Amino acid sequence: MIQNAETIAAVATAPGAGGVGMLRVSGENAGRIAQTLLGKPPRPRHAHYCAFRDAAGELIDRGILLHFPLANSFTGEDVVELHTHGSPVVLNLLLQRVCALGARPARPGEFSERAFLNGKLDLAQAEAIADLIASQSETAARAALRSLDGAFSTRVRCLLANLVDLRVYIEAAIDFPEEEIDFLATPELRARLAAVSEELSRLLVETRRGVRLSDGLHVVIVGRPNAGKSSLLNALAAQDRAIVTSQAGTTRDLLRENIQLDGVLLTLVDTAGLRESADLIEREGMRRARQELERADVALLVSDEAHLAEDLHLLGPAQSGQTRLLIGNKIDLSDAPPQRRQDSAGIRIDISARTGAGLDLLRRELKSLAAGGDSSGGGFSARTRHVLALEKVAAHLAATEFALLQQQAGELAAEELRHAQRDLGELTGEFSSDDLLGAIFSSFCIGK
Ligand code: GDP
Ligand code: ZN
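Residues numbered from 1 in each chain as written. Chains lettered and ligands numbered in written order. Predicted model: local features only at pLDDT ≥ 70, side-chain atom pairs only at ≥ 80, totals over all residues.

Participant: Give a detailed account of the overall build of the chain, specifying residues and quantitative values.
Facilitator: The helix and strand inventory of the chain stands at 15 helices and 14 strands. The 448 residues of the chain split such that 40% are buried. Considering only residue pairs separated by 6 or more positions, the chain has 66% of its internal contacts joining residues 24 or more positions apart. (Helix = DSSP H or I, 4+ residues; strand = E, 2+ residues; numbered from the N terminus. Buried ≥ 20, exposed ≤ 12 C-beta atoms within 10 Å, placed from the backbone. Contact = placed C-beta atoms within 7 Å.)

This is the structure in structure tokens:
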């Protein structure tokens, strides 16, 4: 365990007034600071009720002092927690006192960063803490907790171990050039490589799902003007009591609404209508609509129920990983029943945004998409960074396969596997640049 010589301190509770507030101190001086405040050596993990005083002996507040020595603390350093009344003024006075006694204010995420550097948790777990704190739905919170418990990291480590095995196996073959070619062509090696690739594909699917679990499902609503896009957004948002936020988008042509469907977060984006030839402002709106369309998890094409087929082209080319739902709106006009069907064009749901008929079918569909087809709700949380790293690993594995099976080039294959290993190690932080760590931890809140 590395005890950082610089002792850091920060208010760990949320800014503003609250019932209680907590100041956290970590590092070499933490124990001594606690002893000064308490007037005697604190007992480990014992709640001391004490008077916190400033340098002049004047009372700041009374509260609880807790000391967590070295190995058992969150950061892996000496940690002291000071609990007071939740007044920003009191907490600030106490922070000043603690800093005068040998600490400095912590940077955002610095406690978690020290926990990571001391091996108390890996990088993906540290990220899960931030995701748990930022979670906006029950599903997201549970998924983040599973990642914090190591559900994601364990899978990454397992894959990493298999990659290393494979590389060692290939490198052993390279050392015996006279047998190398035969060795590299063994079914045993092919089988191992295939097993690793399969495990990686599974992990990628689950990791993409993990991003949706934490960020929510991004749903974009497109269609020609007057199809009923805004009405649908309002109907979905209004029907659900739990609107998290509602804000105008980056342009007046995009409207974003975060809603929860039974604990699952959805970001709905209403776009400007799509149609040919329009004035400049409208064209800009359409450009943004297309941009949203490209990055959404789900695209809802809304159209008059009778004209749906004519509007299919508005969706443009299919995006990988995106689900498209065709929404036949305004069934109240023809007295058609709400229904869900699946044909060659995809899944189609007939609704009326005006009467609300069929909305339950749509909500059910969106919910199951958010869960990624996994109704057990047992997934872990993940970030886009993780997906990108895994995609790099997948590319290196494909190159490994090519080098081995097409070129019989063991050196090349081993080199590709080394790259794959490094990209995979970025997830848990085994290989990570200072830039990456800085970018990750600086996005945390202060005191965490
Ligand atoms: P947008 O331009 O695609 O956003 O369409 P709007 O939501 O603004 O709706 C355009 C017009 O269609 C409005 O007059 C709505 O009241 C009407 N409308 C929307 N949904 C329905 C529906 O389900 N049934 C009927 N009869 N009218 C609808
Ligand atoms: Zn509209």
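Participant: Pulling in residues and values, what's your account of the packing of helix α6 (residues 151-174) against helix α14 (residues 410-428)?
Facilitator: Relative orientation of the contacting elements α6 and α14 amounts to 160°, with a least axis distance of 9 Å. Taken together, the axis directions place α6 and α14 in an arrangement best described as roughly antiparallel. Viewed along their axes, α6 and α14 form a crossing whose handedness is left-handed. A per-class count over the contact of α6 with α14 returns 15 nonpolar, 5 polar and 5 charged. (Axes fitted to C-alpha atoms, helices over the stretch in contact; angles between N-to-C directions. Parallel < 35°, antiparallel > 145°, perpendicular 65-115°, else oblique. Left-handed = near helix turned anticlockwise from the far one by under 90°. Nonpolar A, V, L, I, M, F, W, Y, C, P; charged D, E, K, R; others polar.)

Participant: Would you mind going over the site of ligand 1 in detail, with residue names and values included?
Facilitator: Taken together, 16 residues surround ligand 1, and among them Gly228, Lys229, Ser230, Ser231 and Arg354 come closest. Here the shell around ligand 1 gets 3 residues from one element, more than from any other, and that element is helix α9 (residues 229-239). Class assignment of the residues belonging to the shell around ligand 1 gives a composition of 4 nonpolar, 8 polar and 4 charged. (Near = placed C-beta within 6 Å.)

Participant: Describe the domain arrangement of the chain, and please don't skip the residues or the numbers.
Facilitator: Parsing the chain into structural domains produces domain 1 (8-122), domain 2 (131-212 + 383-429) and domain 3 (219-370). Counting residues at the interface gives 7 residues for domain 2, matched by 8 residues for domain 3. Elements represented by at least two residues in the side of domain 2 that touches domain 3 include exactly α5 (138-148) and α8 (187-215). Here the residues of the side of domain 2 that touches domain 3 are counted per class, giving 1 nonpolar, 3 polar and 3 charged. (Domains from an automatic or database assignment.)

Participant: Which residues make up the UniProt feature "binding site: (6S)-5-formyl-5,6,7,8-tetrahydrofolate" (unreviewed entry) in the chain, and what values do they have?
Facilitator: Sequence positions flagged by UniProt for "binding site: (6S)-5-formyl-5,6,7,8-tetrahydrofolate" (unreviewed entry) are, in local numbering, Arg24, Glu81, Lys120 and Lys448. Here arginine 24 lies in strand β2 (residues 18-26). Classification of arginine 24 by C-beta neighbours within 10 Å gives buried; the count is 25. With near-sequence residues (within four places) excluded, arginine 24 lies in contact with Ala9, Ala10, Ala12, Val79, Glu81, Phe111 and Gly447. On the secondary structure map, lysine 448 appears in the segment after α15 (434-441). Discounting residues that sit within four places of it in the chain, lysine 448 has contacts with Ala12, Gly109, Phe111, Ser112, Ile129 and Ile133. (UniProt positions renumbered as here; feature names shortened; annotations may be inferred.)

Participant: Describe in detail the nonpolar core, supporting the description with residues and values.
Facilitator: Grouped together as the largest cluster of nonpolar side chains are 106 residues, with contacts concentrated most on Val219, Ile221 and Leu266. Here this core takes 8 residues from α6, the largest share from any one element. If we skip the residues at most four places from it in the chain, isoleucine 221 touches Lys229, Leu232, Leu233, Leu268, Val269, Asp270, Thr271, Leu300 and Val302. (Core = buried A, V, L, I, M, F, W, Y, C linked by C-beta atoms within 7 Å.)

Participant: How would you summarise the sheet that holds strand β5 (residues 79-86) if you had to cite specific residues and measurements?
Facilitator: Two pairing modes exist for strands in a sheet, parallel and antiparallel, and in both the strands are linked by backbone hydrogen bonds. Read from one edge of the open sheet, 6 strands run β3-β4-β5-β2-β1-β6, paired in mixed fashion. A single partner strand is all that each edge strand has here, and the edge strands are β3 (48-53) and β6 (104-105). Across 5 bridges, the pairing between strand β4 (residues 59-68) and β5 is antiparallel. Of the residues in β5, the one forming a bridge with isoleucine 64 is histidine 83. Its contacts with the sheet place helix α2 (residues 88-100) against β1 (8-11), β2, β3, β4, β5 and β6, and it is angled at close to 15° to β2. (Pairing = 2+ DSSP bridges.)

Participant: Tell me about unusual backbone geometry, and name the residues and values.
Facilitator: Of note in this structure, aspartate 335 is not a glycine but carries a positive phi near 60°. Structurally, aspartate 335 is set in the loop between β12 (323-329) and β13 (339-343). Look at glutamine 408: it is not a glycine, yet its phi comes out positive at around 50°. By secondary structure assignment, the location of glutamine 408 is in the loop between α13 (384-405) and α14. Glutamine 408 sits in the partly exposed class, given 15 other C-beta atoms within 10 Å.

Participant: Can you tell me about α2, naming the residues and giving the values?
Facilitator: With 13 residues, α2 should reach 18 Å at 1.5 Å per residue; the first-to-last C-alpha distance of 18 Å fits that figure. Once α2 finishes, glycine 102 follows within two positions and takes phi at roughly 120°, a positive value. (Expected span 1.5 Å × (residues − 1).)

Participant: Let's hear about the environment of serine 433: which residues, and what values?
Facilitator: Position of serine 433 among the secondary structure elements: in the loop between α14 and α15. Residues serine 433 and arginine 62, spaced 371 residues apart in sequence, show a C-alpha to C-alpha distance of 43 Å.

Participant: So what's going on with the pairing of β1? Residues and values would help.
Facilitator: Side chains on a regular strand alternate between the two faces of the sheet. Neither face of β1 is left uncovered, since the one carrying Ile8 and Ala10 and the one carrying Ala9 and Val11 both have all their residues buried. Here β1 pairs with β2 via 4 bridges, running antiparallel. In the strand pairing of β2, alanine 10 is matched with arginine 24. Where β1 hands over to β2, the hairpin turn is made up of 6 residues, of which glycine 16 adopts a positive phi near 100°.

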